[in-house]
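These are the residues of each chain, in order.
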Amino acid sequence: MKFFSLVVLLVSSLMAANNGVYVGFDVGSNRISMDSGNTHIATDNSGMQTVKIGYNINYNNRIAIFYQHINLSDGNGYSYGVNYDYLFSLMKQTKLFVGASFGHSNLAYNDTVQDMKGLIYGGEFGLLYDLNKYFSLEVGYRAYKSNVDSSDTNIKVNNIQNWYAGLNYQF
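Residues numbered from 1 in each chain as written. Predicted model: local features only at pLDDT ≥ 70, side-chain atom pairs only at ≥ 80, totals over all residues. Heavy atoms only, no water.

## Section: the overall build of the protein
Each helix and strand in the protein was counted, giving one helix and nine strands. Secondary structure elements of the protein occur, N-terminal to C-terminal, as α-β-β-β-β-β-β-β-β-β. Counting only residues that meet the buried cut, the protein has 41% of its 171 residues in that class. Of the contacts made within the protein by residues no fewer than 6 positions apart, 55% connect residues no fewer than 24 positions apart. Surface summary for the protein: the accessible area is close to 9,000 Å², and the carbon and sulfur share equals 63%. (Helix = DSSP H or I, 4+ residues; strand = E, 2+ residues; numbered from the N terminus. Buried < 20%, exposed > 50% of the residue type's maximum accessible area, 1.4 Å probe, protein only. Contact = heavy atoms within 4.5 Å. Areas by Shrake-Rupley, 256 points an atom, 1.4 Å probe, with all protein chains shown as cover.)

## Comments concerning the nonpolar core
Ranked by internal contacts, the top residues of the largest apolar core, which has 14 residues, are Ile32, Met34, Leu107, Met116 and Val157. For this core, the elements supplying multiple residues, two or more each, are β1 (21-36), β3 (61-72), β5 (94-109), β6 (116-130) and β9 (155-170). Within the second largest apolar cluster, five residues are counted, among which are Met48, Leu87, Leu128 and Tyr164. (Core = buried A, V, L, I, M, F, W, Y, C linked by side-chain atoms within 4.5 Å.)

## Considering the environment of Val98
The topology assignment puts Val98 in strand β5. Overall, the relative accessible area of 40% leaves Val98 in the partly exposed class. Between the C-alpha atoms of Val98 and Tyr86, which are 12 residues apart in sequence, the distance is 5.5 Å.

## With respect to the pattern of salt bridges
Taken as a whole, this structure holds five salt bridges when the rule is applied. With a closest N to O distance of 3.0 Å, Asp26 and Arg142 form a salt bridge. Separated by 116 residues along the polypeptide, Asp26 in strand β1 and Arg142 in strand β7 (residues 135-146) bring together distant segments of the chain. According to the relative accessible area criterion, Asp26 is buried, its value standing at 1%. Overlapping salt bridges, with partners in common, bring together Lys52, Arg62, Asp85 and Glu138 in one network. (Salt bridge = Lys/Arg side-chain N within 4 Å of Asp/Glu carboxyl O.)

In structure tokens:
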């Protein structure tokens, strides 16, 4: 609950200070690679949905906090954190972006491992297309390394990858 209180405080202060606030929603595919010791044991291909609240600092920089729900093949999970993107203008309405993310993830499988959690960190890149003054489409790829593991077993999440498409609303 502390995270959500921080989100509300951050959004309200940003909205009062500037009109660079945006909200976004995206959906996509998720690929989670798991190891036990030095041996690859499983890959979970699933779906995910992400909600983010961000702030366009200027034309080339943005920062956002995110919450991602992960639909595991036999369970559920979530990630939350912060990301920063640098945007490169390609054309009047199109921007390429590259960025970095840091956060926390929690995965719960129903049959084998009950709870896996830990830090995630990585990067993302993609394309942003402005539909008009308020709406933009975004497609991209995220890759996270992690120290997500189970306290019950020797299973560790090696990496998490997302392909996604979404819609952003600029206030």
